[in-house]
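# Structure assessment
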Amino acid sequence: MYTTDKVVYEGTEKNLQSLTNIETIKINNRLKNVEQYVNTLNIAINGMLDSLGQLTNEKQLAEFTEKSRELIHLTIGNTEKTVAAYLRFNPELTSPTSGVFMAMTPTDHVLRFTEPTDFSKYKPDDTEHVGWYYAPIKSKRPIWMAPYLNKNIGIYMISYVIPIFKFNKVIGVVGVDIDFDYLTREIASIRFFDKDYAFLTDQYGNTLFHPTIPKGHSFTLPNNTLLIHNKLTNGMNLTFVIPRASLSANRDNLIKNLVLITMLILVVFIFASLIFASSLTKSIRLLTDYANRLIDGKMGISLNIKRNDEIGDLAKSFVNAKMRLAETMGQIKGLAFKDPITNVRNRNSFEHYINEFHIRATSGEISSYGVLVASVDNFFKVKNKFGNTKAVALLQAASKLICTTFDHSPVFRVNEDEFIIILMNNDLKNCKKLQEKLKEGIEATANAEKAWEKVEISLGTAICKNVQSTTLSEQLVIAENDMLKGRDSIE
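An account of the accompanying structure is given in this report. Treat the numbers as computed from the prediction; the structure is a model and nothing was measured.

Calculation rules
Residues numbered from 1 in each chain as written. Predicted model: local features only at pLDDT ≥ 70, side-chain atom pairs only at ≥ 80, totals over all residues. Heavy atoms only, no water. Pairing = 2+ DSSP bridges. Helix = DSSP H or I, 4+ residues; strand = E, 2+ residues; numbered from the N terminus. Axes fitted to C-alpha atoms, helices over the stretch in contact; angles between N-to-C directions. Contact = heavy atoms within 4.5 Å. Disulfide = S-S within 2.5 Å. Buried < 20%, exposed > 50% of the residue type's maximum accessible area, 1.4 Å probe, protein only. Expected span 1.5 Å × (residues − 1). Arc of directions from axis to C-beta. Polar contact = N/O pair within 3.5 Å; in protein donor to acceptor, adjacent residues only side chain to side chain. Patch = residues over 30% accessible without salt bridge, like charges linked within 9 Å, V, L, I, M, F, W, Y side chains within 5 Å. Areas by Shrake-Rupley, 256 points an atom, 1.4 Å probe, with all protein chains shown as cover. Salt bridge = Lys/Arg side-chain N within 4 Å of Asp/Glu carboxyl O. Phe/Tyr/Trp six-rings, centres within 6.5 Å; stacked < 30°, edge-to-face > 60°. Lys NZ or Arg CZ within 6 Å of the ring centre and 35° of its normal.

What follows deals with the sheet that holds strand β8 (residues 197-201). What the four strands build is an open sheet, ordered β9-β8-β11-β10; its pairing is antiparallel. In this open sheet, the two edge strands, each paired with only one partner strand, are β9 (207-209) and β10 (225-231). Here the average twist between neighbouring strands, direction ignored, is 35°. Pairing analysis gives two bridges linking β8 to β9, with the strands arranged antiparallel. When the sheet's bridge partners are listed, L200 is paired in β9 with F209.

Time to look at the sheet that holds strand β12 (residues 369-376). Taken together, the four strands give an open sheet; going across it, the order is β13-β14-β12-β15, and neighbouring strands pair in antiparallel fashion. Each of the sheet's edge strands pairs with one partner strand only, and the pair in question is β13 (411-413) and β15 (457-464). The mean inter-strand angle of the sheet, taken between neighbouring strand axes irrespective of direction, is 15°. Summarising the sheet, β12 and β15 pair through eight bridges and their orientation is antiparallel. Within β15, the residue paired with S375 across the bridge is S458. On top of the sheet, helix α13 (residues 431-444) reaches β12, β14 (418-423) and β15; it is set at about 175° to β15, its chief contact.

In this section: the state of the cysteines. Using the criterion set out here, one finds zero disulfides in the structure. Free cysteine C431: the closest other cysteine sulfur is in C464, separated by 13 Å. Taking relative accessible area as the criterion, C431 reaches 7% and is therefore assigned buried.

Okay, helix α9 (residues 347-362) next. Since the α-helix packs 3.6 residues into each turn, any two residues three or four apart lie on the same face. With 16 residues, α9 extends 23 Å from end C-alpha to end C-alpha; this agrees with the ideal 22 Å at 1.5 Å per step. For α9, every residue scored as buried is listed here: S349, F350, Y353, F357 and A361. The buried residues of α9 all sit within an arc of 100° when viewed along its axis, so they share a single face. Turned more than 90 degrees off the buried face of α9, the exposed positions are N355, H358, I359 and T362. Where α9 begins, one side-chain oxygen reaches toward the backbone nitrogen of N348, 3.2 Å away; that side chain belongs to N346. One or two steps after α9, the chain reaches G364, where phi turns positive at roughly 90°.

We now examine a nonpolar patch on the surface. Together, L266, V267, V268, F269, I270, F271, L274 and I275 make up a nonpolar patch on the protein surface, roughly 910 Å² of accessible area in all. With respect to the helices and strands, the residue F269 is situated in the loop between α6 (244-265) and α7 (272-295).

Our next topic: the packing of aromatic side chains. Working definition: an aromatic ring pair is given by the centre-to-centre distance plus the angle between the planes. Evaluation of the coordinates by the stated rule reveals 17 aromatic pairs. With 5.2 Å between their ring centres and 55° between their planes, Y353 and F412 make a pair best called tilted. Taken together, the residues span a long stretch of sequence, with Y353 in helix α9 and F412 in strand β13 at a distance of 59 residues. Neither residue differs from the other here; Y353 and F412 are each classed as buried. Among the aromatic residues, those joined into a ring-pair cluster are Y86, F101, F119, W132, Y133 and Y134. Positioned above the aromatic ring of F113, the side-chain terminus of R69 is 4.7 Å from the ring centre. Above the plane of the ring of W452 lies K390, whose end atom (NZ or CZ) is 4.6 Å from the centre.

Topologically, P340 is positioned in the loop between α8 (310-337) and α9. Separated by 269 residues in sequence, P340 and L71 have C-alpha atoms that sit 9.0 Å apart.

Right, let's talk about unusual backbone geometry for a bit. Of note in the backbone geometry, K140 takes a positive phi value of approximately 60° without being a glycine. Assignment of secondary structure puts K140 in the loop between α4 (127-139) and β4 (143-144). Residue classification places K140 among the exposed positions, given a relative accessible area of 63%.

In structure tokens:
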């Protein structure tokens, strides 16, 4: 009784802290997923914006808007409970309705493109209509907006918006709106015991959501309760209110059962209570260690608790939480490092790969390698003549040829029309044969009826036999020059 009481009572608050951290991580991951998506959009849009003329010239603005519209349409499915996504341009450079606005319709609750808000109808201090544009521009940094009623689409929401600055000009903003009711429903569903609950406040302590207190009213701590405060990514505070009676309920029931069992089997099974206490203590410690490792982001750990009681149910919940966390982290990583058009790695992934490659090369893990640069020569010709959709089809065909040929090497799409392949092991050894195979595959498309099915690729190669004498970036320049030299000789 003494051992069980000590372990359960002292460990419960620690376990509760771990549980509340897991619930906070789940909500933070949803918010971080939104941040990652908007950051990716910002990077993509900045990459497409080559000159200010793309905004000031009417024809170029239309083309740039269409590309941005297609990018948002292709990627908006990566975020949950989005009610709006938008790219809006500076009304001082373009018309007051320029940009892209995708919002959820009130009838069928589907995201559709609609007419952007007319900036000329509202003053900059009109938060409910245009605050999402002027607030991030004024702060000059990405911000989470405080919950507000967007009167443009009639939804109470929170927004994550990034201002776009380029060419020493305010270009506009890119952002996503999330239904605030979705966030509060998630918080309202959090339950550890019968009478506990969670509520939400802003950074100044003002109530944003509480099961019983109206928004903006002050919160008074009930007697004999435990408060656990956690910080959310968007600056809000998530607070858990747990009655202390709930903390001791399971402990009291367990002690009663132990007293009854001890009275019945005291003479025959004197050591049974010690074994039970030891088993329970071990399970709780395993759960605590497992929770702490999850908080540290260690997804490769396993939990070996096979019990048919509350501890076993809690262990299953921990395992399910780990699976959801791993899934969410995988989605975020995939969004950040995967090219949505060709499904190969993108430029962000290549920059990350360069850092890892340098570490592996310095440690002696890599002794030689090759760099192959492949440029789709007819990409812009097809794009200008047949449009962006056909150009995407051409890129996908080229990517398929490259990936099936160099199927043991990492492939990156680093520009609109350029791929980089890092040749290792057998692909490096058979580099010339594989290039011939790729050229044969390219020639096989020459007789295709449609222009976007005819793949034209220029190749450039650099082979590094001594990894200590040069860097991957230097070899990349050599491969680029080799590709340009080969292209010039053909012309």
